[in-house]
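Structural overview
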Amino acid sequence: MTVFDTKFGTYSAPKLLVEWGEPIVYVPRDGTPRDIEAIIDRNPPETIGGAGVRGPRFTAQVTNDVLLGITSDELNTGGDKLEFPPRVGQAAKSYPIQKLLTDAGDMLLLEVY
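Everything quoted here is computed from the prediction, not taken from an experiment.

For the rest of this paragraph, the subject is the pairing of strand β2 (residues 34–42). Sheet analysis places strand β1 (residues 22–27) next to β2, joined by five bridges and oriented antiparallel. Considered in β2, the bridge of E22 is made with A38. Linking β1 back to β2 in an antiparallel pair, the connection comprises six residues. One ladder, built from four bridges, connects β2 with strand β5 (residues 58–63); its direction is antiparallel. Opposite R42, over in β5, you have F58 as the bridge partner.

As structure tokens, this is what we get:
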């Protein structure tokens, strides 16, 4: 981890989550669900996969932290899930974590659909 990653994780990541984050549930494939904070980007529906199915695609930013977020070591793409509402004000739904897009600045950017 670089000096920037360490400083960003210590000083900036928590402030971003306070300002833009929302409570969600992380459901590990082989573990106990836990409440975490995430910044959810709700993108318009798009074609997903080769079958031509349209659906919502989300990204979730979480801290790379075992207590406050998800560590890159514990992440199981395709097995772990996140629970959050597809739109603010709606009931939460469960979405599989498909891919780790980036792991920088002590934050993980996850593709979820």
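Our next topic: the sheet that holds strand β7 (residues 93–104). Where strands meet in a sheet, backbone hydrogen bonds hold them as pairs that are either parallel or antiparallel. Read around the closed barrel, six strands run β1-β2-β5-β8-β7-β6, paired in antiparallel fashion. The average undirected angle you get between the axes of adjacent strands in this sheet is 45°. Across six bridges, the pairing between β5 and strand β8 (residues 107–112) is antiparallel. Bridge pairing in β8 links T63 to M107.

Another aspect to go through is the environment of V25. Mapped onto the secondary structure, V25 falls in strand β1. Separated by 54 residues in the primary sequence, V25 and G79 have C-alpha atoms spaced 14 Å apart.

Cut-offs applied
- Residues numbered from 1 in each chain as written.
- Predicted model: local features only at pLDDT ≥ 70, side-chain atom pairs only at ≥ 80, totals over all residues.
- Heavy atoms only, no water.
- Pairing = 2+ DSSP bridges.
- Helix = DSSP H or I, 4+ residues; strand = E, 2+ residues; numbered from the N terminus.
- Axes fitted to C-alpha atoms, helices over the stretch in contact; angles between N-to-C directions.

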